[in-house]
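Observations on the three-dimensional arrangement
Residues per chain, in single letters:
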Amino acid sequence: SETSEDVAAPRTNGLKIFHACFGGLCTSQPTGSLLLSLTETLLREAVDGAAQTASMKEHNSEDASVDVEVALFVCESIRKLPNIEQVAIKLFPWLCKLTRSDSAALRTEAGTVLSSVDLVRVIEEAKAAEERAVIAEVKCERLRAEVDKLKDENEELKRQAMLGI
């Protein structure tokens, strides 16, 4: 007969392996697209798992516990990244959903990651970038018109040169 320790050991070992692998990825590729993609998937699964658990009358608390532990570790790891603000912005919807988790620790950790983002500054920078893009488009259009005009003048000069005018 299996004891609770026999059942818990593979889970614990699996989480240790996950911590080592995910921690290594955070260290080796803190700005990599693989890290961002994996992090988004893990947080989405934690949110989706919590939603499924809440909707089921009988749920597997072990699965929910693993999801929470994984999401907690992911959030803790995000906080240590040099580009935490960029990552937190890209993961914003998932982090917001985790702040409504049944787990107080997960709510706190997701909130801590979110609080690292200065949203007012990010929005102001986005608006400023949009304004610069509009100005650049106008300048580009003017330059395009100027180039077309110069091409026409060049063609006219070539024509006059050929005629010896």
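What counts, and at which threshold
- Residues numbered from 1 in each chain as written.
- Predicted model: local features only at pLDDT ≥ 70, side-chain atom pairs only at ≥ 80, totals over all residues.
- Heavy atoms only, no water.
- Helix = DSSP H or I, 4+ residues; strand = E, 2+ residues; numbered from the N terminus.
- Buried < 20%, exposed > 50% of the residue type's maximum accessible area, 1.4 Å probe, protein only.
- Contact = heavy atoms within 4.5 Å.
- Salt bridge = Lys/Arg side-chain N within 4 Å of Asp/Glu carboxyl O.
- Patch = residues over 30% accessible without salt bridge, like charges linked within 9 Å, V, L, I, M, F, W, Y side chains within 5 Å.
- Areas by Shrake-Rupley, 256 points an atom, 1.4 Å probe, with all protein chains shown as cover.
- Lys, Arg positive; Asp, Glu negative; His and termini not counted.
- Charge placed at Lys NZ, Arg CZ, Asp CG, Glu CD.

Some thoughts on the overall build of the chain
On a plain count of helices and strands, the chain comes out with seven helices and zero strands. Listing every helix and strand of the chain by position from the N terminus yields α-α-α-α-α-α-α. Split into buried and exposed, the 165 residues of the chain put 24% on the buried side. Partitioning the contacts of the chain with sequence separation of at least 6, the portion at a separation of at least 24 is 68%.

Section: the pattern of salt bridges
Across all of its chains, the model carries nine salt bridges by this definition. A salt bridge links Arg144 to Glu141, with the shortest nitrogen-to-oxygen separation between them at 3.0 Å. You can see Arg144 and its partner Glu141 sitting in helix α7 (residues 119-163), three residues apart, about one turn around the helix. With relative accessibility at 45%, the residue Arg144 sits in the partly exposed group. Residue class for Glu141 comes out partly exposed when judged on its relative accessible area of 45%. One salt bridge in this structure joins Lys158 and Glu155, with 3.8 Å as the shortest N-O distance. Of this pair, Lys158 and Glu155 both sit in helix α7, separated by three residues, roughly a single helical turn. When its relative accessible area of 49% is taken as the criterion, Glu155 is described as partly exposed. If you follow the salt bridges from partner to partner, you end up with Glu85, Asp118, Arg121 and Glu125 in one network.

As for the environment of Ile84
Relative to the helices and strands, Ile84 is located in helix α4 (residues 84-90). The exposure class of Ile84 is buried, given its relative accessible area of 17%. For the pair Ile84 and Ser116, spaced 32 residues apart in the sequence, the C-alpha separation amounts to 7.4 Å. Once residues lying within four places of it in the same chain are set aside, the contact partners of Ile84 are Ile78, Arg79 and Ser116.

Here's the deal with the side chain of Asn83
Here Asn83 lies in the loop between α3 (61-79) and α4. Those residues in contact with Asn83, other than ones at most four positions away along the chain, are Pro30 and Thr31.

Quick look at a negative patch on the surface
On the surface, a cluster of negative charge is contributed by Glu146, Asp148, Asp152 and Glu153. Within the secondary structure, Asp152 sits in helix α7.

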